[in-house]
Amino acid sequence: MTLLRSIFAHPSGRIGGTIVALYLIIAIMGLVGLTPHDPLMQFRIDRLHAPSATYWMGTDLLGRDVASRLMIGIAQSFIVSFASVALATVLGIVLGLTAAWFGSYWDGTIMRAMDVLLAFPAILLALLIITIVGPGTWTSVMAIAFVYTPIFTRVVRGPALSLKTREFVDAARTFGSSRTYILSRHMLLNLVAPLTVQVTLALAWALLTEAGLSFLGLGTQPPQASLGLMLSEARNLMEMAPWLLVFPAFAIMIGILGFNLLGDALRDILDPRSRGAVA
Amino acid sequence: MNYLTRRLVTFPVVMLGVSVLVFVSIRLVPGDAITAMLGTEAGLLTPAQRASLETYFGMDQSWFGQYWHWLGGVLQGNLGISVTYGRPVLDVILRVFPLTLELALLSMIVALAVGLPAGVYAATHAERPSDLIVRIVAMVGQSTPSFVVALLAIYALSVWFGVLPAMGTFTPLWEDPLKNLAQMILPALTLGFAFAAAVTRISRSAMLDILSDDYIRTARAKGVPARSVIWHHALPNALIPVVTVSGVEFGYLLGGAVIVEQVFALPGLGRTVLDAILQRDYALVQGACCSSRLIS
Amino acid sequence: MSHLLSVSDLHVGFGKDPVANEVVHGIGFTLDPGETLAIVGESGSGKSVTALSVNRLVDFGGGKITGGRIDFTLGSGAVIDLAAAPEKELAAIRGREIGMIFQEPMTSLNPVHAIGEQIAESFRLHHGLTGKQAMRAAIDALERVRIPDAARRLKYHPHQLSGGMLQRVMIATALSCNPRLLIADEPTTALDVTVQAQILALLSELKRESEMGLVFITHDIGLVAGIADKVMVMQNGKAVEQGRPMRCSMIRSIPIRSIF
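Residues numbered from 1 in each chain as written. Chains lettered and ligands numbered in written order. Predicted model: local features only at pLDDT ≥ 70, side-chain atom pairs only at ≥ 80, totals over all residues. Heavy atoms only, no water.

1. Details of the overall build of chain C
For chain C, the count of helices and strands is 10 helices and 10 strands. The C-alpha radius of gyration of chain C comes to 18 Å, within 12% of the 18 Å expected for a compact globule of 260 residues. On the principal axes, the C-alpha backbone points of chain C span a range of 50 × 45 × 40 Å. Counting only residues that meet the buried cut, chain C has 53% of its 260 residues in that class. Taking the intrachain contacts of chain C between residues at least 6 apart in sequence as the baseline, contacts between residues at least 24 apart amount to 69%. Charge centroids of chain C, computed over 26 positive and 27 negative side chains, lie 4 Å from each other. (Helix = DSSP H or I, 4+ residues; strand = E, 2+ residues; numbered from the N terminus. Rg over C-alpha atoms; globule rule 2.2 N^0.38 Å. Buried < 20%, exposed > 50% of the residue type's maximum accessible area, 1.4 Å probe, protein only. Contact = heavy atoms within 4.5 Å. Lys, Arg positive; Asp, Glu negative; His and termini not counted. Charge placed at Lys NZ, Arg CZ, Asp CG, Glu CD.)

Listed below in C-alpha cells is the structure:
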C-alpha cells in the first residue's frame, strides 16, 4: 500500500503506473472476450475499412477488426512477456543464489555460462532457440526467458555475495537455521527491492523483444494477433491503410514506455542510492 | 584496466563456449542443409550423390568430429564452406560485414551527435521544462523498437514528402559514397535513435553528477565563464562513463542491425545470419555468430 | 576610508523557498587589507555558507542570498555590492580579486587536466596571457608555494600528487592573480597534522608578502589564536561572538595549541 502510494507520488511512476494498469485492463478484457468484435472474424465486405464508429481502428486486409485484434494482441504480448520474465526471474534467482552461496567451481561454471549467453545480441540468441524448437508462442517465451536469465543471475549474485558475509546471515547460521531457510528468508527477502526494479525493466525489454520476434515472423503465428505481427502485416499496406500501422505502432511504444517509466520510478523509490544513475 | 584484463583472459573461454553453443544448437534444428538448399529436388538425389554431398560438407562425421574439424580449420583461418552460397564462409562474411560495421558506426555517430549535446543541455537545465522535454523524448526513444521507428519513418517520408527510401540494389561505400550514404542514412537514423536516447540519459546523469563536484566549484571560483565550465571542465569528465557505455552498447547495435537490415533490405551480417539460420547453413551461422561476437 | 570587505545583515537560504529555509540569519563583519578574519563554529553553523556567499558561489550548492549587502572594494578603488552584482561581473572578480581555496584538495582539482594547465587557466582568463607565457607564469606560481621541481610537476595530473601538494597547487591557483582577498574554507581539515602546519605557515608567509585580506574558516578553534587578527564565532547561522581572538571568551577558555 505504501509502495502504491509512493509510486503515485512519483511523477513518472504516476504516468507509468497508469499506462501499465490500463494495458492490464485492456489485456484482460481481450482475454475474456470483451472486444468490440471477434478478433478472428473476417468481415469480407468491410476489408481495409477506415476507422469508423463500427470499426474504431479500421479493419485489415482480411476484414478483421483492428481494435479487437489490438486488444488480444496486447494480451498476447503481455502473456509472453510476463511468462518469460517470470521464468527468467526464477532461473536467475536459483542460479544467482546458488552461485553466490556455494562459490568456487559452481560459481565459476554458472557465471562463465552466463557470459557466453550474454555474449550474444539478444535477438540472435532468441533466433537460434526459435529455429531449434520452431516458431510459436511458447518458444518465444523460452527464448526471451533464456536471453534475460543471465541478467537476473547477475542482479541476484552481486548483492547475494555481499549479503552472505553480513552478520545476520552468520547469526542465522549459528542458530542452526537450515540452508534453504537462510537462502529464502535472509538472502532472498533482501533482494526483493533490486529484483522488483529489474523485473519491471525486464518486462519492457521483453515486450520489445517479443514485438521484434513476431515482426520477423518467428513469434506468435497467424491467425493469432500480436503487436509485432500486426505491424509486419501492415508493412506493405501502410500507404493504403495507415491505421494498420499507426495504432499497433503506438500501442507498442506506449506500453513499453509505461513499464520503463514505472521501472525508473521504482528504482528511485526502492533504491535511493542510485537516484539518477546510469540507465 | 582491471576490467579489460579480465575480459581478455576470459575471452577465449567465452568464445569457445559461444562456438560450442552455436554448434550444438544449430545441429538440433530439425531438417538438414541439403534438403534446405535443394528443396524438393533433394528427393531426386541418388543415395550416392547425397553421400558425396554429405562428405563434401563434412556432414558424414560425428558431431564431435565435425566440431573438431571446424575448430582446426578456424585456427588456420578456414571457417568452412557455406552451403547456400557455395563459397568459403570467410568470404561471405567479409563481403557482408563492412555494411553492418558501417551501419553500426553511422548509428553510433548519430547517437553521439544527438545524445551528447541533448544530455549536456538537459543536465545544465536540470528540473526545468526543457530538461523534462529532453527526458521524455529520451524515454520514448528508449521505449520504441527499431522496426517501429523504421516503419513510421518510411511512412512519414512517403506520405508527407512523397519519397521512398532509396532501396533497390545496395551500393557499397567504395563504389559510390554518395549513393551509399543516401541508402544508409535512414537505417542509421533508425538504429541510432534508440541508442541516442541511451546516450542522452547517460550523459545527462553523468553531467549532473559532475556539475556538483568540487573541482567545478574551483573552476567557478577561478572566474571561469559558465560555458567554459561546462565544455572544458565538466564534459571531459562526463565523457568517461559515456564512452564506456557506448562501447558496451556497440554490441547491442550489431544485434539491432538484424532487424533494421531486415526492414530496409540491406545485405548485411544480420540479414545473412537470419537467412543462414532459416536455410540451416551450419558453417555460415557458426562463422557469423562467432565473428559478430568477436567484434562486440 | 572604506573597508576591503564589509558584509552587513547577510541572509542566505536554501532550496525552493530560500526565505523559509534560511540558514544564515543576518551576519555582518568587516575586513581591512592585510587583516585575517577567522570564522569558527561547529559543523552546520553556517560558516562555510557565509564564506561561499562572499563570492556568491553559494548558489552552486543550491543556496540563495535573500538579503543584506556584501560591499567589496575593487583594486580600482570602486566599491561593488557582490550580493547584487550580475553574474558576468562576478566572473571577472572571482579568481582575479577574490581567490578561494577549499577543504578537499583531492577533489577540488579537475582529474582530467594537468595541474599546470589548471593554474595557467587563471592567467589566461584574467591576464590575457597565452600558451607559453601562461605556462611560464604557472611555474612561477608553483615555485611561490614552494613546490620543488615545478617545471616537471606542471605536467602531473592531480592523482599523481599528495594531498598536501595538491593544497599547495590550490593555493598557487588562488593566488595566481594576486587577489586582494583570499577565502580559505577549512583548508587544512583534510590534511595530516604535519602537513597542516606547513600549509598554515605557507599561508601566513604569503600573506605577509602581500597586503591581502584573509577570511579563514575553521572548526579547529586551536588554530585561530595563531593566525587571526579577528574572530567571529558562529552558531546556528548567527554570529554569537565577535572580536579580537584573546577577548573571545570561547577562545580564552581553551588551551592555545602551538602550531608553528
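2. Description of the packing of aromatic side chains
Going through the model one piece at a time under the given rule, you end up with six aromatic pairs over all chains. An angle of 15° between the planes, with centres 4.3 Å apart, marks the rings of F215 of chain A and F147 of chain B as stacked. Within this pair, whereas F215 of chain A is found in helix α9 (residues 192–215), its partner F147 of chain B is found in helix α7 (residues 146–161), the two belonging to separate chains. Each member of the pair, F215 of chain A as well as F147 of chain B, carries the same accessibility label: buried. In this structure, R14 of chain A is placed above the aromatic ring of F8 of chain A, and the distance from its NZ or CZ to the ring centre is 5.7 Å. (Phe/Tyr/Trp six-rings, centres within 6.5 Å; stacked < 30°, edge-to-face > 60°. Lys NZ or Arg CZ within 6 Å of the ring centre and 35° of its normal.)

3. As for the interface of chain C and chain B
At the interface, 27 residues of chain C touch 20 residues of chain B. Summing the contributions of chain C and of chain B, the shared interface buries around 1,900 Å²; its carbon and sulfur component is 56%. Three residues, F60, N110 and E121 of chain C, lead the burial of chain C against chain B; their summed loss comes to 29% of the area buried on that side. Along the contact surface separating chain C from chain B lie two salt bridges. When the shortest N-O distance is used, the salt bridge between R220 of chain B and E87 of chain C registers 3.6 Å. The tally of links between chain C and chain B comes to 11 residue pairs in polar contact (both at pLDDT 80 or more). Residue assignment for the side of chain C that touches chain B shows that the elements contributing at least two residues are α2 (87–93), β6 (98–101), α3 (105–108), α4 (115–127) and α7 (163–175) of chain C. Examining the composition of the side of chain C that touches chain B, we find that six residues originate from one element, α4 of chain C, more than from any other. Class assignment for the residues of the side of chain C that touches chain B results in 12 nonpolar, nine polar and six charged. (Buried area = accessible area lost by both parts, 1.4 Å probe. Salt bridge = Lys/Arg side-chain N within 4 Å of Asp/Glu carboxyl O. Polar contact = N/O pair within 3.5 Å; in protein donor to acceptor, adjacent residues only side chain to side chain. Nonpolar A, V, L, I, M, F, W, Y, C, P; charged D, E, K, R; others polar.)

4. With respect to the sheet that holds β6 of chain C
All names here are of chain C. As summarised here, the arrangement of the six strands in space is β6-β7-β8-β3-β9-β10, forming an open sheet in which the pairing is mixed. Either end of the sheet is taken by a strand with one partner, and the two such strands are β6 and β10 (238–243). Sheet twist, expressed as the average angle between the axes of neighbouring strands with direction ignored, equals 15°. Relative to strand β8 (residues 213–218), strand β3 (residues 36–41) is paired through five bridges, and the arrangement is parallel. When the bridges of β8 are listed, I39 appears paired with I217. (Pairing = 2+ DSSP bridges. Axes fitted to C-alpha atoms, helices over the stretch in contact; angles between N-to-C directions.)

5. A look at the sheet that holds strand β2 (residues 22–31) of chain C
Residues and elements named next belong to chain C. Here four strands make up an open sheet; going across it, the order is β2-β1-β4-β5 and the pairing antiparallel. Here the strands that pair on one side only, and so sit at the sheet edges, are β2 and β5 (79–81). Averaged over all pairs of adjacent strands, the angle between strand axes in this sheet comes to 10°, irrespective of strand direction. Bridge count for strand β1 (residues 5–14) against β2 is seven bridges, and the pairing is antiparallel. Bridging across to β2, V7 finds its partner in F29.

6. Some points on the environment of A126 of chain A
Residues and elements named next belong to chain A. Summarising the element assignment, A126 is placed in helix α5 (residues 122–133). It is 8.1 Å that separates the C-alpha atoms of A126 and L213, two residues lying 87 residues apart in sequence. Excluding residues within four positions of it along the chain, A126 makes contact with A143, V147 and L213.

7. Structural notes on the pairing of strand β4 (residues 63–73) of chain C
Residue and element names in this part refer to chain C. As paired elements, β1 and β4 share eight bridges and run antiparallel to each other. Across the sheet, residue G13 finds its bridge partner in β4, namely K64. Both β4 and β5 contribute to a ladder of three bridges, which runs antiparallel. Bridged to D71 within β5 is D81. Hairpin connection, β4 to β5: the antiparallel pair is bridged by five residues, and G77 has positive phi, about 95°.

8. Focus on the environment of L203 of chain A
All names here are of chain A. The residue L203 is located in helix α9 in this model. Take L203: its relative accessible area is 8%, and that puts it in the buried class. For the pair formed by L203 and I256, sequence separation is 53 residues and the distance between their alpha carbons is 8.0 Å. Ignoring any residue separated from it by four or fewer positions in sequence, one finds L203 in contact with S81, F82, V85 and F259.

9. What about a nonpolar patch on the surface?
All names here are of chain A. A contiguous nonpolar surface patch, about 910 Å² in accessible area, is contributed by L22, I25, I28, M29, L31, V32, L34, I79 and W138. Counting residues per element, the nonpolar patch draws most heavily on helix α2 (residues 11–32), which supplies six residues. Mapping I25 onto the fold places it in helix α2. (Patch = residues over 30% accessible without salt bridge, like charges linked within 9 Å, V, L, I, M, F, W, Y side chains within 5 Å. Areas by Shrake-Rupley, 256 points an atom, 1.4 Å probe, with all protein chains shown as cover.)

10. A look at the domain arrangement of chain C
Residue and element names in this part refer to chain C. Partitioning chain C into domains gives domain 1 (1–97 + 181–260) and domain 2 (106–176). Averaged C-alpha coordinates put domain 1 and domain 2 at centres separated by 24 Å. Of the residues lining the interface, 17 residues belong to domain 1; the matching set on domain 2 comes to 11 residues. When domain 1 packs against domain 2, close to 1,200 Å² is buried across both sides, 63% of that on carbon and sulfur atoms. (Domains from an automatic or database assignment.)

11. Here's the deal with the nonpolar core
In this structure, L127, M187 and L231 of chain A together with V263 of chain B are the most contacted members of the largest nonpolar core, which totals 129 residues. Of the residues forming this core, the biggest block, 13 residues, is contributed by helix α3 (residues 66–102) of chain A. Within the second largest apolar cluster, 75 residues are counted, among which are L31, I98, I101 and L191 of chain C. (Core = buried A, V, L, I, M, F, W, Y, C linked by side-chain atoms within 4.5 Å.)

12. Quick notes on the packing of α9 of chain A against helix α11 (residues 243–270) of chain A
Residues and elements named next belong to chain A. Running from N to C, α9 and α11 cross one another at 165°; their axes reach a closest spacing of 9 Å. By the angle between their axes, α9 is roughly antiparallel relative to α11. Two packed elements cross with a definite hand, and for α9 against α11 that hand is left-handed. Across the interface between the two elements, A193, T196, V197, T200, L201, L203, A204, L207, L208 and A211 of α9 pack against I252, G255, I256, F259, N260, L262, G263, D264, L266, R267 and L270 of α11. Here the contact of α9 with α11 is built from residues that sort into 14 nonpolar, five polar and two charged. (Parallel < 35°, antiparallel > 145°, perpendicular 65-115°, else oblique. Left-handed = near helix turned anticlockwise from the far one by under 90°.)

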